[in-house]
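Secondary and tertiary structure notes
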2 protein chains.
Amino acid sequence: MGIVERKEREKEEMRKLILEAAQKLFLETGFEKVSIRNIADAIEYSPATIYLYFKDKNELLYAIHNIGFQKMVEEFQPALNLADPFDRLVEMGRRYFRFAFENPELFDLMFIMTAPMDSLACRDDDKWDEGRTAFQLLITCVQDCIDAGVFKYQDAEVAALMIWSAVHGNTALFLRKRLEMFEESRRKQLMEDAFTLFIETIHKGL
Amino acid sequence: MGIVERKEREKEEMRKLILEAAQKLFLETGFEKVSIRNIADAIEYSPATIYLYFKDKNELLYAIHNIGFQKMVEEFQPALNLADPFDRLVEMGRRYFRFAFENPELFDLMFIMTAPMDSLACRDDDKWDEGRTAFQLLITCVQDCIDAGVFKYQDAEVAALMIWSAVHGNTALFLRKRLEMFEESRRKQLMEDAFTLFIETIHKGL
DNA sequence: TTGTTTACTAAACAGTGTTCAGTACATTTG
DNA sequence: CAAATGTACTGAACACTGTTTAGTAAACAA
């Protein structure tokens, strides 16, 4: 009686269909401008159908946020293989930037928008596992730096948070257009300089 | 013939009336949840009236974003009077945090939301003067630190951007609920520790 | 007392997320 | 096989949203 299994498979496929259409539309048009109706049109189903597979729009956004984390972890992989822990750290920073530049909508969803987090708040079972897992990569790297004597920090978690904040802040200010006071031509160079300066500072810093 | 002046005064008062009602509603309910109709109801006018004083919702948000900057600059004033430039820098950082904690909706509008910046994009006359002015305070302070020999940085602007990024990143990650993986009790302490570590790092750093 | 300008609004437009009663088909049961 | 049950889906509605426009009533100028 594989009938119930087939049904489950079909259900899974439908979820995937919705998710892929949604993702495509989002990355094309931006999250703010895509409606449930747009997604429904794209897959040629009624809007109500989507609600049979996702509780609400936030849950759909959360699902795509998850896809984003998968992608990001994949793109971080090469950095994690570098021998020197400090090189590893720097490369992780660079890849954080690059991911944001190349996937601004996805990055927004993962680290800036509130909507997907609102979905998390409704079901108290997990505490943003995706974020936790990704952040753990950074903590590990920082700990390696400490162990290798590059840093003299005591607490790898605190140091990791500081480093994440610095890199994220730069990215977020740019993505949310808070660096508009700099001429467009200088902007990217300025950001890179700020990042480089940060790296130099923590390297010599402590 | 003071009649035209009275009219202008009335127009200005009406703008103020709208702005104050809007601000009150926004700070009570959050920006996402307040509609033009809500504001209109609050001041007992029709929704269409608001469009006689503001081009669209983004412009209204931009006007409130401006009020936020006035408030922020006021709250920064005491920090700017400190004798030691590095103390000044640290105190500015602390006040950035505090402003964000005490006025999360306003902070969001000033540094995270896209809507008010979309308003800016439409009229190319100025390049976010409010942001530029506030950032200039930081640059000046960093330059003072360089002059006093606390920092050996070359470029005050780049250093200021790095510092702003670090402080802002921490704040933004918190406000947008990206530190949910830490238990609520630890969260604030962790943020303070990360800030302190950053301060120590740049102090000894270069 | 005209004519004109100004300030305002009712109503509509085109959209949004979401819900629910109802339908048509697949599956199970007698 | 036919009847009963279960499931997947949808049309249409609800209560909103930002925004525009035609029209009105009052204030002002001639």
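What counts and how
Residues numbered from 1 in each chain as written. Chains lettered and ligands numbered in written order. Predicted model: local features only at pLDDT ≥ 70, side-chain atom pairs only at ≥ 80, totals over all residues. Heavy atoms only, no water. Near = heavy atom within 4 Å. Polar contact = N/O pair within 3.5 Å; in protein donor to acceptor, adjacent residues only side chain to side chain. Helix = DSSP H or I, 4+ residues; strand = E, 2+ residues; numbered from the N terminus. Expected span 1.5 Å × (residues − 1). Buried < 20%, exposed > 50% of the residue type's maximum accessible area, 1.4 Å probe, protein only. Least-squares fit on C-alpha atoms with pLDDT ≥ 70 in both. Contact = heavy atoms within 4.5 Å. UniProt positions renumbered as here; feature names shortened; annotations may be inferred.

This part is about the protein's contact with DNA strand D. Within the structure, DNA strand D sits among 18 residues, and A:Thr49, A:Tyr53, B:Arg6, B:Ser35 and B:Tyr51 are positioned closest to it. Counting only the atoms of DNA strand D within 4 Å of the protein, the fraction contributed by sugar and phosphate is 60%. Measuring from a phosphate oxygen of DNA strand D, one finds a backbone N or O atom of A:Ser46 at 2.9 Å. The side chain of A:Thr49 places a nitrogen or oxygen atom 2.3 Å from a phosphate oxygen of DNA strand D. Only α3 (47–50) of chain A together with α1 (3–29) and α2 (36–43) of chain B provide two or more residues apiece to the surface near DNA strand D. When residues in the surface near DNA strand D are grouped by element, the largest group, 3 residues, is from α2(B).

Among the 19 residues in the neighbourhood of DNA strand C, the closest are listed as A:Arg6, A:Ser35, A:Tyr51, B:Thr49 and B:Tyr53. When atoms of DNA strand C within 4 Å of the protein are split into backbone and base, the sugar-phosphate part holds 60%. For DNA strand C, a phosphate oxygen lies 2.9 Å from a polar atom in the backbone of A:Ile36. Measuring from a phosphate oxygen of DNA strand C, one finds a side-chain N or O atom of B:Thr49 at 2.3 Å.

In this model helix α4 (residues 57–80) of chain A runs 34 Å from its N-terminal to its C-terminal C-alpha over 24 residues, within 8% of the 34 Å that 1.5 Å per residue would give. Regarding α4(A), its N-cap is A:Asp56, as a side-chain oxygen of that residue lies 3.2 Å from the backbone nitrogen of A:Asn58 further along.

Positioned with a positive phi, A:Trp128 is a non-glycine residue whose angle comes to about 55°. Within the secondary structure layout, A:Trp128 lies in the loop between α7 (115–122) and α8 (129–147). For A:Trp128, a relative accessible area of 0% puts it in the buried group. Non-glycine residue B:Lys177 carries a positive phi angle of around 60°. Residue classification places B:Lys177 among the partly exposed positions, given a relative accessible area of 38%.

Another aspect to go through is the relation of the copies chain B and chain A. Laying chain B over chain A is done by rotating through 180° and shifting 0.0 Å along the axis; what remains is an RMSD of 0.1 Å. Here the symmetry operator amounts to a two-fold rotation axis. By residue overlap, the copies meet face to face through one surface: 100% of the interface positions of chain B are interface positions in chain A.

Our next topic: the UniProt feature "domain: HTH tetR-type" (unreviewed entry) in chain A. UniProt feature "domain: HTH tetR-type" (unreviewed entry): in the numbering of this structure it lies at residues 12–72 of chain A. The distance separating the terminal C-alpha atoms of residues 12–72 of chain A is 23 Å; by composition the span is 75% helix and 0% strand.

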